Amino acid sequence: MKKTKLKISLAAAVIVAVAATGTAIAANSSSGRSASDSVSSSKESAIEESKQKAAGPIKALGADMFPHSLGFDARSKTFFAGSLKQGKVFAVHPDGKARTFIDDPELVSAQAVRVDRERGRVLVSNVDYGTAERSKKDAPFRIAGVGSYDLTTGKQDWCVDLTAIALDGKQHLISDVTVAPDGTAYAVDELTPTVFRIDTKGRASVFLRSDLLQGELDIPNFLNDVGMSAIEWVEGNRLVIAMADGSLVRVPVRHPEKAERVKLSAPLGAPTAGMRLQKDGAITAVSSGLLSGKPAQIYRVEPRDGWKEATVTVTDTVTDPVTSDVTAGPAGTTYALSGGLADLLAGKPNDGFTLTPVKTG
């Protein structure tokens, strides 16, 4: 039986469509942990919390960047933020100074950004809400792809059109992408229950279509059945997928037909936005407070039994309810992104975005 759908008012429709997506980083599986593992985990959590207390907010300055998500390269201590308005990717340093890093005419709106240091590249999902400078305003959600760019120069390696792979004539929105150890990328479509697989040369195929991944968040008079918002490859050769409605799905890579929902101690708030993998194997996730108008909530999601189950607890809040992502930062910190999405969708200008340090445990 299909579960009851979440409904929201038309007044918040466009903003929720954007806020429900994001770049996600899920956790490695953790089962059968020993007492010494628990002690080590507690020490790591204490260290992380100490770092967060010492960190301050970062204000990135730049006209109309409007990022929805971003990645972080620890070696160069650089954030990479995608722009929904300009279709560019900006390199942002901890002092807030930003410069254009990727300016590819093929990118309409740069949504998810994933730094793949091992292969020296940045992966970017290409979308079109109909609000960007390069948008086809009379045909939104008809652009869907993933591009690979050199981590040093920003030069394009390849940019694959996933609508040509889907061949279904439907609207698409590539909300996130993750990378497996062999370099294979997996991308999720928020508007259809489709997961794509892309090899290191940019050759793509449909990896999984499943009713389990069908969206349950309705946006009256705008979008229906908004689904997958994030994906991560985790230990054990599994994919963990976040749904906009606050649920998680576990997919064994070798047997995707065995996909199943993760049993959560409590659902994440809807719309679920970004997530980040922590060293102790837990997820830090953010759920936008847009629907309630209250501060966005930061969650700790701790997996058990290879991601078949997980415990969910609230660890922090962010005043801006339109917070859309969480990312790594310098010295092991975690930051939440407030990218000015409300201004973007209201047609207002913006002078930058804010990163707020958050507690993760």
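As shown above, the structure is provided for reference.
Below: a short report on this structure. Just so it is clear, the model here is predicted, and its values are computed rather than measured.

What counts as what
Residues numbered from 1 in each chain as written. Predicted model: local features only at pLDDT ≥ 70, side-chain atom pairs only at ≥ 80, totals over all residues. Heavy atoms only, no water. Pairing = 2+ DSSP bridges. Helix = DSSP H or I, 4+ residues; strand = E, 2+ residues; numbered from the N terminus. Axes fitted to C-alpha atoms, helices over the stretch in contact; angles between N-to-C directions. Phe/Tyr/Trp six-rings, centres within 6.5 Å; stacked < 30°, edge-to-face > 60°. Buried < 20%, exposed > 50% of the residue type's maximum accessible area, 1.4 Å probe, protein only.

What holds strands together in a sheet is hydrogen bonding between their backbones, with the strands either parallel or antiparallel. Spatial strand order, β17-β18-β19-β20: four strands in an open sheet with antiparallel pairing. Every other strand in the sheet has two partners, leaving β17 (228–234) and β20 (260–261) as the edge strands with one partner each. Taken together, the two bridges between strand β19 (residues 248–252) and β20 define a ladder with antiparallel strand orientation. When the bridges of β20 are listed, Arg250 appears paired with Glu260.

This part takes up the sheet that holds strand β7 (residues 109–116). With antiparallel pairing, the four strands of this open sheet are ordered in space as β7-β8-β9-β10. With partners counted over all chains shown, the strands left at the sheet margins are β7 and β10 (156–161), one partner each. Along the sheet, successive strands turn relative to each other by an average axial angle of 15°, direction set aside. Two elements, strand β9 (residues 145–150) and β10, share five bridges in a ladder whose sense is antiparallel. Within β10, the residue paired with Tyr149 across the bridge is Gln156.

Turning to the packing of aromatic side chains, a few remarks are in order. Per the stated rule, a full pass over the model turns up five aromatic pairs. With a centroid separation of 4.8 Å and 50° between ring planes, the pair formed by Phe72 and Phe79 is classed as tilted. Measuring from ring centre to ring centre gives 5.2 Å for Tyr186 and Phe207, while their planes differ by 70°; the resulting arrangement is edge-to-face. Note that Tyr186 is positioned in strand β12 (residues 185–189) and Phe207 in strand β14 (residues 204–209), a separation of 21 residues in sequence. Linked through ring pairs, Phe72, Phe79 and Tyr335 together constitute an aromatic cluster.

So, on to the pairing of strand β13 (residues 194–198). One face of the sheet, then the other: side chains in a regular strand alternate in exactly this way. In terms of burial, β13 is largely enclosed, as four of its five residues are buried. Inspection of the sheet shows β12 paired to β13 by four bridges, in the antiparallel sense. Its bridge partner being in β13, Tyr186 is matched across the sheet by Arg197. Between β12 and β13, which follow one another and run antiparallel, lie four residues.

On to the environment of Asp325. Along the chain, Asp325 turns up in strand β26 (residues 325–328). A C-alpha to C-alpha distance of 9.9 Å links Asp325 and Ile298, two positions 27 residues apart in sequence.

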